[in-house]
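Fold and contact review
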Amino acid sequence: QIAIGIKKEVDFAGWYTNVLIKAEMMDYYNVSGCYILRPWSYSIWEVIQDWFNARIREMEVQNAYFPMFVSSKVLEREKDHIEGFSPEVAWVTRAGNSDLEEPIAVRPTSETVMYPYYAKWIKSHRDLPLKLNQWNNVVRWEFKNPQPFLRTREFLWQEGHTAFLTKAEADTEVREILELYRQVYEDLLAVPVIPGIKSEKEKFAGGLYTTTIEGFVPTTGRGIQAGTSHCLGQNFSRPEMFNIFVEDPNDPTGQGKVYVWQNSWGLSTRTIGVMVMIHGDNQGLVLPPRVASIQVIIVPCGITAKTSDESRKAINDKCEELSKSLKSVGVKAKADLREGYTPGFKFNDWEQKGVPLRLEIGPADLAKQQTLSVRRDTGTKAPLPLADLMASVPKLLDTIQADMFKRAQDTYFSRLREVTRWEDVVPTLEDKCVAVMPWCEEEACEDDIKERSARAAEPQDERAPSAGAKSLCIPFDQSKWPPIEPGKTKCTACGKDAKRWTMFGRSY
Ligand SMILES: O=C(C[C@H]1NCCC[C@H]1O)Cn1cnc2c(c1=O)CCCC2
Ligand SMILES: [Mg+2]
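This section reports on the structure supplied with the text. Just so it is clear, the model here is predicted, and its values are computed rather than measured.

According to the stated counting rule, one finds 21 aromatic pairs in the structure shown. Taking the centre distance of 5.5 Å and the plane angle of 85° together, the rings of Phe 155 and Trp 157 count as edge-to-face. The buried category is assigned to Phe 155, whose relative accessible area is 13%. Summarising the aromatic geometry, the rings of Trp 439 and Phe 504 are spaced 5.2 Å apart at their centres and angled 85° between planes, so their arrangement reads as edge-to-face. Of this pair, Trp 439 sits in strand 21 (residues 434-439) while Phe 504 sits in strand 23 (residues 500-505), placing them 65 residues apart in sequence. Owing to a relative accessible area of 1%, Phe 504 belongs among the buried residues under this scheme. The side chain of Arg 55 reaches across the aromatic face of Trp 51, ending 5.0 Å from its centre. Looking at Arg 175, its charged tip hangs above the ring of Phe 476, at a distance of 3.5 Å from the centre.

Structural data, given as structure tokens:
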């Protein structure tokens with residue numbers, strides 16, 4: 001088929017936005033860093049929302065909605081939470097022609113919006129656990145070059161904020177949520193991720209520890225933080241912050257206080273951008289069936305000026321009938337009976353939109369009571385008997401989903417390089433791979449790695465993504481690599497005793 005013009009491996013950034021435009025996923029907007037989410041991408045966000053809402057409902061998390069404005073007094077409650085981030089905060093300073101008494105911030109995240117009310121609502125340990133989530137938009141005036149879905153000044157996400165009596169409960173929930181995030185990527189979006197914990201330098205400064213799922217974009221060789229689940233510890237509940245405490249149910253004197261243990265977790269529309277980057281090809285978008293709003297497109301073929309009216313009608317009716325019966329077995333099918341467009345035009349159209357499976361029906365197919373199936377991910381063509389289409393199509397869609405994931409996971413894992421000698425680090429990054437190193441986990445060492453691994457000349461424009469290696473995560477599953485021998489295995493970067501294998505790489 002004709003390519004969409006810009007090749008993925010030639011001009012990745014141009015290819016990416018071109019795919020999004022041609023697939024009608026997004027449109028540009030006249031405020032820099034903001035984009036329009038058109039139905040073709042918004043429907044993917046809705047699949048993720050429906051799936052995630054069902055899972056957190058089972059965990060007795062309740063959805064709520066808090067205001068998008070936050071006063072500067074509350075936002076800056078505690079310096080170390082907000083420091084370093086404040087350049088990204090957008091402020092409302094005027095309404096109509098009159099200035100506001102006090103500027104009001106637009107939420108960049110909702111800890112400071114919600115936690116004064118957690119303090120108000122949580123009075124007794126019987127009010128725990130408090131588990132609220134909200135689906136909303138947040139605004140961060142990012143300075144780096146914006147990219148649709150990946151880095152935008154407004155984005156949609158869910159942010160969960162929970163409070164527990166004990167650390168153990170919080171620790172458990174952090175991992176339960178991270179597992180849901182892994183499933184969103186791996187089972188819905190067919191995108192492989194590696195769950196792990198962030199280093200002290202990379203964690204959310206306001207929290208106790210950050211767990212993460214790390215994605216990887218092979219085309220650029222960059223890691224990408226795909227979702228985060230933080231344990232905040234008691235950092236936000238302590239007296240100097242939001243003073244959220246209950247009587248200690250285990251204190252016989254009845255005088256003891258317990259400051260609550262909190263978590264916060266977020267997954268954003270970045271999910272969609274990562275899926276496009278991983279699966280898209282030079283024909284455009286490639287959608288995993290689980291999130292495609294049209295999974296099967298049925299196209300009448302072989303109809304020419306010479307085709308008799310009854311034959312044309314028979315073919316169109318068959319397409320419509322197949323679409324209806326596939327829908328009746330839960331397949332999102334559609335017959336493209338548009339007049340005035342050639343089959344080839346229609347093929348290209350739906351390939352650009354990433355529809356996972358096409359069924360072609362022409363006079364010959366009708367005669368043989370079959371349809372020619374064409375997979376979007378591999379282009380493989382295979383005739384399918386109409387008789388058992390209701391079984392073969394769902395099965396084929398499952399195969400496509402599984403194959404898309406497997407291919408992406410094999411690619412990701414092929415880019416993980418064990419690096420035990422410092423001189424191999426930069427070549428690994430230049431090879432668009434991730435350096436997995438035995439690492440000492442010391443913050444000073446991480447600072448050192450970042451600057452030693454940056455290319456000699458940092459790119460002039462500090463808005464460009466950096467070239468230095470950051471720690472991406474310390475994988476929970478260390479079994480992929482040889483055991484670290486305490487006191488024997490040394491940190492690749494500084495020679496001190498290594499603690500765990502850690503993924504280092506360039507990132508978004
Ligand atoms: O947002 C979080 C922590 C947490 N927020 C809720 C969802 C999960 C997790 O992202 C970290 N963070 C990131 N970015 C910013 C802030 C910030 O707190 C505050 C000010 C502006 C930019
Ligand atoms: Mg940020």
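Following the structure, the description resumes.
Right, let's get into the site of ligand 1. Surrounding ligand 1, one finds 16 residues, the nearest of these being Glu 88, Thr 109, Glu 111, Arg 140 and His 230. One of the side-chain N or O atoms of Thr 109 is found 2.8 Å from a nitrogen atom in ligand 1. A distance of 2.8 Å separates a nitrogen atom of ligand 1 from a polar side-chain atom of Glu 111. When ligand 1 sits alone it has 480 Å² of accessible area, and the protein chains cover 93% of it. Counting only elements with at least two residues in the shell around ligand 1, the list comes to helix 4 (79-82), strand 8 (154-164) and strand 14 (261-268). In the shell around ligand 1, the residues fall into 6 nonpolar, 6 polar and 4 charged.

Here helix 9 (residues 343-352) has its buried residues at Lys 346, Phe 347, Asn 348, Trp 350, Glu 351 and Gln 352. Phi turns positive, to about 75°, at Gly 354, one or two residues after helix 9.

This paragraph deals with the packing of helix 1 (residues 12-22) against helix 7 (residues 270-279). Between two packed helices, both the angle of their axes relative to each other and the distance between the axes serve to describe the pair. Contact geometry of helix 1 with helix 7 gives a least axis separation of 11 Å together with a crossing angle of 115°. With respect to helix 7, the axis of helix 1 lies roughly perpendicular. As helix 1 packs across helix 7, the resulting crossing turns out to be right-handed. For the pair formed by helix 1 and helix 7, the contact residues are Phe 12, Trp 15, Tyr 16, Val 19 and Leu 20 on the first element and Gly 273, Val 276 and Met 277 on the second. Across the contact of helix 1 with helix 7, the residue classes tally to 7 nonpolar, 1 polar and no charged.

Here the focus is the pattern of salt bridges. Inspection of the entire model under this criterion finds 32 salt bridges. A salt bridge links Lys 203 to Glu 200; its shortest N-O distance comes to 3.1 Å. As a salt-bridge pair, Arg 506 and Glu 430 come within 2.7 Å of each other at their nearest N and O atoms. With Arg 506 in the segment after strand 23 and Glu 430 in helix 12 (residues 425-430), this pair connects stretches of sequence that are 76 residues apart. If you follow the salt bridges from partner to partner, you end up with Asp 336, Arg 338, Lys 346 and Asp 349 in one network.

What counts, and at which threshold
- Residues numbered from 1 in each chain as written.
- Chains lettered and ligands numbered in written order.
- Predicted model: local features only at pLDDT ≥ 70, side-chain atom pairs only at ≥ 80, totals over all residues.
- Heavy atoms only, no water.
- Phe/Tyr/Trp six-rings, centres within 6.5 Å; stacked < 30°, edge-to-face > 60°.
- Buried < 20%, exposed > 50% of the residue type's maximum accessible area, 1.4 Å probe, protein only.
- Helix = DSSP H or I, 4+ residues; strand = E, 2+ residues; numbered from the N terminus.
- Lys NZ or Arg CZ within 6 Å of the ring centre and 35° of its normal.
- Near = heavy atom within 4 Å.
- Polar contact = N/O pair within 3.5 Å; in protein donor to acceptor, adjacent residues only side chain to side chain.
- Areas by Shrake-Rupley, 256 points an atom, 1.4 Å probe, with all protein chains shown as cover.
- Nonpolar A, V, L, I, M, F, W, Y, C, P; charged D, E, K, R; others polar.
- Axes fitted to C-alpha atoms, helices over the stretch in contact; angles between N-to-C directions.
- Parallel < 35°, antiparallel > 145°, perpendicular 65-115°, else oblique.
- Left-handed = near helix turned anticlockwise from the far one by under 90°.
- Contact = heavy atoms within 4.5 Å.
- Salt bridge = Lys/Arg side-chain N within 4 Å of Asp/Glu carboxyl O.

Any functional reading would require information beyond the geometric quantities listed.
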